[in-house]
Amino acid sequence: MRMPRPFIQLPLRFDCERLAAEIGQFGDADWRPHPQRFEGNSSLVLVSTGGGENDDFRGPLAPSPRLSRAPYIRQVMAAFDTVVGRSRLMRLAPGASVSEHSDTHYFWRNHLRIHIPILTDAAVDFHCGPEVVQMAAGESWTFDNWLPHSVHNRSGRERIHLVIDTVGSAAFWKLTRAGQEARYVPFDENEEPRLRFENFRGLPVMHPSELRGDLEWLVRDIAEHGPAEAELKSRLRERSADFLHEWRSLWTEHGPTVDGFPEFKGLRDAFQQEVDTLPDDLLLASNRYSAKTAITYTLDATLSTTNLQVAD
């Protein structure tokens, strides 16, 4: 999600020793390799689709059995006063790195990621855009993951963060405002917080307003370094407008229903064929990422066969 600045330190601090003791109950069998098998990267699932051992982006989400054994982690989650999405412990081995990348998948257009370092070291660097920070144990952070970012563990110990994905809430966004004094949140043995988990799986067909906002933003973001890019951008803007007009027309005829799905799919696939002709080096100005790939992520999200059963 785009943020007002690369890193935002949130005004909540936690008991890192209590968190470290709590995660110490989990063994090697609880940890999963990174989905792309990045060396030295692993995670331990706390909240996931159906509470299972998966890295899915779709809901409904539920706590894994491990979360019931981690009372302070539940209190930490509740402290942000927001709906909880995918959550996990993320481990980076000594000397390992997370290579530079931008989170351009459509999921990340509306989600941000909260980091709470539990085990870390001053030699762990987190880079985002032009900035670099060393997140201290017990602090809480979020960052602009649309920008290129990377992590390097140059220490001789494991780095473990509690990571919570969320769309945010009014209360959460207030935490991102500058100038607030940090509040310490200790463990309370008498507190059992009520956590809210993401459950809405989305419509089978994306609403025209959401599609328009995202697609027009991506087209505006295309970098122009000469006449060739300017011409491609102008043509894409025109073709996107035609596509969006027709999408709204179909929506007013069918709504997000099973009956209209084949027509939406035909329209989407025809536009995708045009997007596929864009050169790979046509880049977004904001993060130097492939415009073709970013637009494809949006088009992939417009239709969901998984969600067909929720249609009226």
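The structure under discussion appears in the preceding block.
Everything numeric here is computed off the predicted structure, so don't read it as measured data.

Participant: How should the overall build of the chain be read in this particular structure?
Facilitator: If you tally the helices and strands in the chain, you get 7 helices and 14 strands. Compactness check: the chain gives a C-alpha radius of gyration of 21 Å against a globular reference of 20 Å for 312 residues, within 12% of the reference. Taking all contacts inside the chain whose residues are at least 6 apart in sequence as the whole, residues at least 24 apart take part in 77%. Accessible surface, the chain as shown: approximately 14600 Å² in total, 50% of it carbon and sulfur. When the 35 basic and 45 acidic side-chain charges of the chain are each reduced to a single mean position, those positions are 2 Å apart.

Participant: Explain helix 5 (residues 227-254) to me, please; I cannot follow it from the model alone.
Facilitator: Quick reminder: α-helices carry 3.6 residues per turn. Residues three or four places apart thus point the same way. Between its first and last C-alpha atoms helix 5 spans 40 Å; for 28 residues at 1.5 Å apiece the expected length is 40 Å, and the two agree. All of the buried residues along helix 5 are Leu232, Lys233, Leu236, Ser240, Phe243, Leu244, Trp247, Leu250, Trp251 and His254. Buried-residue contacts for helix 5 involve helix 4 (208-220), helix 6 (261-275) and helix 7 (291-301).

Participant: Before we go on, may I ask you to explain the side chain of aspartate 165 in this structure?
Facilitator: Counting through the fold element by element, aspartate 165 comes out in strand 13 (residues 159-166). There is a polar contact of 2.7 Å between the side chain of aspartate 165 and the side chain of arginine 113. Among all residues touching aspartate 165, those that are not within four sequence positions of it are Val83, Val84, Gly85, Arg86, Ser87, Phe107, Trp108, Leu112 and Arg113.

Participant: Would you mind showing me how to read the packing of helix 5 against helix 6 here?
Facilitator: Packed helix pairs are characterised by how far apart their axes lie and by the angle those axes make with each other. Following both chains from N to C, one finds helix 5 and helix 6 inclined at 175°, their axes separated by 10 Å at the closest point. Between helix 5 and helix 6, the interaxial angle falls into the category roughly antiparallel. Contacts from Leu236, Arg239, Ser240, Phe243, Glu246, Trp247, Leu250, Trp251, Glu253 and His254 of helix 5 reach helix 6 at Glu263, Phe264, Leu267, Arg268, Phe271 and Glu274. Counted by class, the contact of helix 5 with helix 6 contains 8 nonpolar, 2 polar and 6 charged residues.

Participant: Even after reading the chapter, I still don't get the nonpolar core, so can you show me in this structure?
Facilitator: As a rule of thumb, soluble globular proteins bury nonpolar side chains together. In terms of nonpolar packing, the biggest core is built from 35 residues, with Phe14, Ile73, Met77, Phe80, Leu89, Ile116 and Leu162 touching the most fellow members. Mapped onto this core, the elements with two or more residues apiece are strand 1 (7-10), strand 2 (12-14), helix 1 (16-23), strand 4 (41-49), helix 2 (71-79), strand 8 (112-119), strand 13 and helix 3 (170-175). Core analysis: the second largest hydrophobic core is formed by 29 residues, Val205, Trp251, Phe271 and Ala291 among them.

Participant: Help me out: how do you make sense of the pairing of strand 12 (residues 149-153) in this one?
Facilitator: Taken across its 5 residues, strand 12 has 5 buried, putting it largely inside the fold. Both faces of strand 12 are covered, namely the face carrying His149, Val151 and Asn153 and the face carrying Ser150 and His152. Pairing analysis gives 5 bridges linking strand 9 (residues 124-128) to strand 12, with the strands arranged antiparallel. Bridged to cysteine 128 within strand 12 is histidine 149.

Conventions adopted
- What you see as residue numbers is a count from 1 along each chain, following the sequence as written.
- Under the rules for a predicted model, residues below a pLDDT of 70 receive no local features and side-chain atom pairs below 80 are neither given nor counted, while totals for whole chains, interfaces and linings still include all residues.
- Excluded from the side-chain calculation are hydrogens and water; included are all heavy atoms of the structure.
- Helix numbers and strand numbers start at the N terminus; a helix is a DSSP run of H or I with at least 4 residues, a strand a run of E with at least 2.
- C-alpha atoms define the radius of gyration, and 2.2 Å times the number of residues to the power 0.38 defines the globule rule.
- What makes two residues a contact is simply this: any of their non-hydrogen atoms within 4.5 Å.
- Method for areas: the Shrake-Rupley scheme with a 1.4 Å probe, in which residue coverage is limited to the protein chains shown.
- His residues and chain termini do not enter the charge count, which takes Lys and Arg as positive and Asp and Glu as negative.
- Here the site of a charge means atom NZ of a Lys, CZ of an Arg, CG of an Asp or CD of a Glu.
- Residue count minus one, scaled by 1.5 Å, sets the expected span of a helix.
- Residue burial is assigned from relative accessible area. The probe radius is 1.4 Å, only protein chains are included, and a residue is buried under 20% of its type maximum, exposed over 50%, and partly exposed in between.
- Here a polar contact is taken to be a pair of N or O atoms separated by no more than 3.5 Å, where protein atoms must pair a possible hydrogen donor with a possible acceptor and residues adjacent in sequence count only if both atoms sit in side chains.
- Every axis corresponds to a line fitted to the C-alpha atoms, with the helix fit spanning only the stretch in contact, and the corresponding angles, defined between N-to-C directions, vary from 0 to 180 degrees.
- Angle categories: roughly parallel below 35 degrees, roughly antiparallel above 145, roughly perpendicular from 65 to 115, and oblique for all the rest.
- Gly is placed with the polar residues, together with every amino acid not listed as nonpolar (Ala, Val, Leu, Ile, Met, Phe, Trp, Tyr, Cys and Pro) or charged (Asp, Glu, Lys and Arg).
- Definition of nonpolar core: a set of buried residues of the types Ala, Val, Leu, Ile, Met, Phe, Trp, Tyr and Cys, connected through side-chain atoms within 4.5 Å.
- Each pair of strands is called paired provided DSSP finds at least two bridges between the two strands.

None of the figures reported here should be taken as evidence of function without further support.
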